[in-house]
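Inside the fold
Listed here are the chains, written in short residue letters.
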Amino acid sequence: MPTGSAKLVDWSTEQRRTIAGVTYLVPPEELDSVVGDGPRYRVDQLRDWLYRTPVLTADEMTNLPLGFRTTIADTLWPFDVEVEQTADRGSTIKWLFRTPSGASIEAVLMGYEKRTTLCISSQAGCAMACTFCATGQFGFERHLDAGEIVAQVAYANAHLRKAPMPRSPDHVTNVVFMGMGEPLANYPHVRESIRRMIETMGMSARSLTVSTVGAVPGMRKLAEEPWNVNLAVSLHAADDDLRSKLVPLNKRYPLRDVVDAADNYFRTTGRRVSIEWTLMAGTNDSPDQARKLAAIARELHAHVNLIAMNVTPLSDERPPEPARTRAFLSQLRDAGVNATVRDTRGREIDAACGQLRVRDAADVPDYPKITEAGGILTLDEAGVGDD
Ligand code: SAH
């Protein structure tokens, strides 16, 4: 286990003590502790309401006794909904959830013709400090509990039952760990949340995608898990000089180690990894970077997702002109690489990639973050250290 995980257990216990019985923070196998002395089938009924057919209020759990519904009414969700915003004519919804500890969690729901994808957070804030990412600029606040991660999916499903999106599946079909945080730096809780999504909610491993900035020990551990989820690797630069400037973690786990761990993931699980590449004008959109990226993508048999830089208040990076993006894409394709430009959703509600959490620069507090190995928060404390 990463060194950082020792603290998680403490946090979790502490949190459970203060908000005892918050339903989604209780592992699904231990729900009898919530139901108490009632008949055995009540546990199954409650589990179904929480994970199979989630509802927004306990009141709607119609086959449970009224008294019980009242008891759990205020502790159903481990967070309040502070903000709900819609964009793209109702096909994008962003939620800002606030936990009792004050941490904010953001999730973005995107409806497409054949899938409804939820982008979830694994940490409040992020310690990785990638220069172009709003969450990274904000710093790290705390790891999320497995229950807080799964509750984002349950909440989106409960919402969709009430208000399905026009022309999209009426439940979450895909989950991507691309919201706030570095999922592999919160390994035990992310692992447990994946287990609950698969075993309790009934989702398939191939509908789940873990996205990492290159936390190598976590990538190697994930390859050994019983579920072959999709792995996306946020590369952004195809040589160490540039990558270390954009992604501080690259100093600890250089490009070659990240590529080797991605290759290991593909070989072990049989799942092709995808490479995420946020295109920044004048920074990583050159023909030289495209050529080096193509070589890596070919080696990994990986699909490349190009994301145009979404402007954030604390970074001067800008998206390239459309012609430059097209040229970059063509160069990859001409080199035989499967590549697409990812469609951007929710930009006007700050719900697009890398925009979560910061509304304006004045909003940035002094949470610790890694600027380099040995910075305020060590890499081990951030949960990405070796075992
Ligand atoms: N820590 C994980 C998951 C969160 S970020 C990771 O790095 O993969 C999800 C994706 O959004 C990453 O590929 C990230 O590089 C990208 N991203 C971050 N900031 C962005 C920005 N300002 N514009 C576009 N994409 C961004």
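Turning our attention to the packing of helix α8 (residues 216-223) against helix α10 (residues 255-269). The geometry of α8 relative to α10 is characterised by a closest axis approach of 9 Å and an angle of 5° between their N-to-C directions. On the basis of the axis angle, α8 is roughly parallel to α10. Mapping the contact onto sequence places Val216, Met219, Arg220, Leu222 and Ala223 in α8 and Asp257, Val258, Ala261, Ala262, Asn264, Tyr265, Thr268 and Thr269 in α10. A per-class count over the contact of α8 with α10 returns eight nonpolar, three polar and two charged.

Another aspect to go through is helix α6 (residues 146-162). Given 3.6 residues per helical turn, the α-helix brings residues three or four places apart onto the same face. With 17 residues, α6 should reach 24 Å at 1.5 Å per residue; the first-to-last C-alpha distance of 25 Å fits that figure. The buried count for α6 comes to 14 of 17 residues, which makes it a mostly enclosed element.

One open sheet accounts for ten strands, arranged β1-β2-β3-β4-β7-β8-β9-β10-β11-β12; its pairing is mixed. Strand pairing shows two members of the sheet lacking a second neighbour, β1 (80-87) and β12 (339-341), which therefore form its edges. When strand polarity is set aside, the average angle formed by the axes of neighbouring strands in this sheet is 20°. When strand β11 (residues 303-308) meets β12, the two strands line up parallel, connected through three bridges. Note on β12: the bridge partner recorded for Val304 is Ala339.

For the rest of this paragraph, the subject is the confidence of the model for the protein chain. Per-residue confidence for the protein chain gives a mean pLDDT of 88, with 87% of residues at or over 70. Throughout residues 1-20 the model reports pLDDT below 50, and contacts reaching past four residues in sequence, or to other chains, amount to 30 contacts.

Here we come to the environment of Phe328. Tracing the backbone through its elements, the reader meets Phe328 in helix α12 (residues 322-334). Sequence spacing of Phe328 and Ala339 is eleven residues, and the spatial spacing of their C-alpha atoms is 9.9 Å. What Phe328 contacts, discounting residues up to four positions off in sequence, is Leu279, Asp285, Ala290 and Leu306.

Compared with the 21 Å implied by 1.5 Å per residue over 15 residues, the 21 Å span of α10 between its first and last C-alpha is a close match. Those residues of α10 not exposed but buried are Leu255, Val258, Val259, Ala261, Ala262 and Tyr265. Seen from one end, α10 has its buried residues packed into an arc of 160°, which puts them on one side. Facing away from the buried surface of α10 by more than 90 degrees, the exposed residues are Arg256 and Arg267. Once α10 ends, the next one or two residues include Gly270, with phi positive near 75°.

Our next topic: the pairing of strand β9 (residues 230-234). When a strand is regular, its side chains alternate between the sheet's two faces. Burial within β9 is extensive, with five of its five residues counted as buried. The side-chain alternation of β9 yields two buried faces, one formed by Asn230, Ala232 and Ser234 and the other by Leu231 and Val233. Pairing of strand β8 (residues 208-212) with β9 involves four bridges; the strand directions are parallel. Considered in β9, the bridge of Thr209 is made with Asn230. For the crossover from β8 across α8 to β9, the handedness is right-handed. Across three bridges, the pairing between β9 and strand β10 (residues 274-279) is parallel. In the sheet register, Val233 faces β10, and the bridge partner there is Ile275.

Analysis parameters
- Residues numbered from 1 in each chain as written.
- Predicted model: local features only at pLDDT ≥ 70, side-chain atom pairs only at ≥ 80, totals over all residues.
- Axes fitted to C-alpha atoms, helices over the stretch in contact; angles between N-to-C directions.
- Helix = DSSP H or I, 4+ residues; strand = E, 2+ residues; numbered from the N terminus.
- Parallel < 35°, antiparallel > 145°, perpendicular 65-115°, else oblique.
- Contact = placed C-beta atoms within 7 Å.
- Nonpolar A, V, L, I, M, F, W, Y, C, P; charged D, E, K, R; others polar.
- Expected span 1.5 Å × (residues − 1).
- Buried ≥ 20, exposed ≤ 12 C-beta atoms within 10 Å, placed from the backbone.
- Pairing = 2+ DSSP bridges.
- pLDDT = per-residue confidence, 0-100.
- Arc of directions from axis to C-beta.
- Right-handed = clockwise from strand over helix to strand, strands pointing away.

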